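# Structural features, examined
For reference, the chains in residue letters:
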Amino acid sequence: MKDFALRQCRPLPEGTPPIPAPEVETLLRDFPGWTMCQGTISKSFAFPDYHHTIAFVNAVAWIAQQQDHHPELNVFYDHCRVSFNTHSIGGISEKDFICAARIEGLFE
């Protein structure tokens, strides 16, 4: 995961294929709690209250803007589900793993 956290999201060349599902599953072994479902990688993060949840959402928004790669966020009182995929290629790309690794870095 640390290898991805050190990378920067870059525009993907036209015609870049998604990462094949078996490779995504292999990569996810290094991302505890992240799963692949319906063409996305996602994880739920739990917090003690709404204030902490929104602080997390704001930190994720900052990472997303910095990397120019934006997740789907499902925000609740005490948790947030973060889901990534790369719409331009119709699947999972390196960009999704870069952002997931950077979000995990918030907890280190």
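Here, the structure is the one placed above.
Below is a short write-up of the structure. (Residues numbered from 1 in each chain as written. Predicted model: local features only at pLDDT ≥ 70, side-chain atom pairs only at ≥ 80, totals over all residues. Heavy atoms only, no water.)

### A few points about the environment of Ser88
Its place among the elements puts Ser88 in the loop between strand 4 (79-84) and helix 4 (94-104). According to the relative accessible area criterion, Ser88 is exposed, its value standing at 65%. For Ser88 and Pro17, which are 71 residues apart along the polypeptide, the C-alpha to C-alpha distance reads 9.8 Å. (Helix = DSSP H or I, 4+ residues; strand = E, 2+ residues; numbered from the N terminus. Buried < 20%, exposed > 50% of the residue type's maximum accessible area, 1.4 Å probe, protein only.)

### Section: the pattern of salt bridges
On inspection of all chains with the given rule, the structure shows 3 salt bridges. A salt bridge links Asp3 to Arg7, with the shortest nitrogen-to-oxygen separation between them at 2.3 Å. Residue Asp3 is classed as partly exposed on the basis of its relative accessible area, which comes to 45%. Of the charged contacts in the structure, one is a salt bridge between Arg7 and Glu94, with a shortest N-O distance of 2.3 Å. Of the two residues, Arg7 sits in the loop between helix 1 (2-5) and helix 2 (21-28) while Glu94 sits in helix 4, which places them 87 residues apart along the sequence. Arg7 sits in the partly exposed class, given a relative accessible area of 26%. (Salt bridge = Lys/Arg side-chain N within 4 Å of Asp/Glu carboxyl O.)

### Digging into unusual backbone geometry
In this model, Gln38 sits at a positive phi of 50°, which is unusual for a non-glycine residue. Relative accessible area serves as the criterion here: at 79%, Gln38 is assigned to the exposed category. Of note, Asp68 is a non-glycine position whose phi angle comes to about 55°, a positive value. Here Asp68 shows up in the loop between helix 3 (50-67) and strand 3 (72-75). On the basis of relative accessibility, which here comes to 56%, the residue Asp68 falls in the exposed class.

### Focus on the side chain of Thr86
Mapped onto the elements, Thr86 comes out in the loop between strand 4 and helix 4. Within the structure, the side chain of Thr86 is placed 2.6 Å from the side chain of Ser93, a separation counted as a polar contact. In contact with Thr86, not counting residues within four places along its chain, are Leu12, His69, Gly91, Ser93, Lys95 and Asp96. (Polar contact = N/O pair within 3.5 Å; in protein donor to acceptor, adjacent residues only side chain to side chain. Contact = heavy atoms within 4.5 Å.)

### Some remarks on the side chain of Thr40
Position of Thr40 among the secondary structure elements: in strand 2 (residues 40-46). There is a polar contact of 3.0 Å between the side chain of Thr40 and the backbone oxygen of Cys37.

### Details of the sheet that holds strand 3
Read across the sheet, 4 strands follow the order 1-2-4-3 without closing on themselves; strand pairing throughout is antiparallel. The open sheet has two edge strands with one neighbour each: strand 1 (35-37) and strand 3. Going from strand to strand, the sheet's axes swing by 30° on average, the running direction of each strand aside. Sheet topology places strand 3 next to strand 4; 4 bridges connect them, and they run antiparallel. Bridge pairing links Val75 to Cys80 in strand 4. (Pairing = 2+ DSSP bridges. Axes fitted to C-alpha atoms, helices over the stretch in contact; angles between N-to-C directions.)

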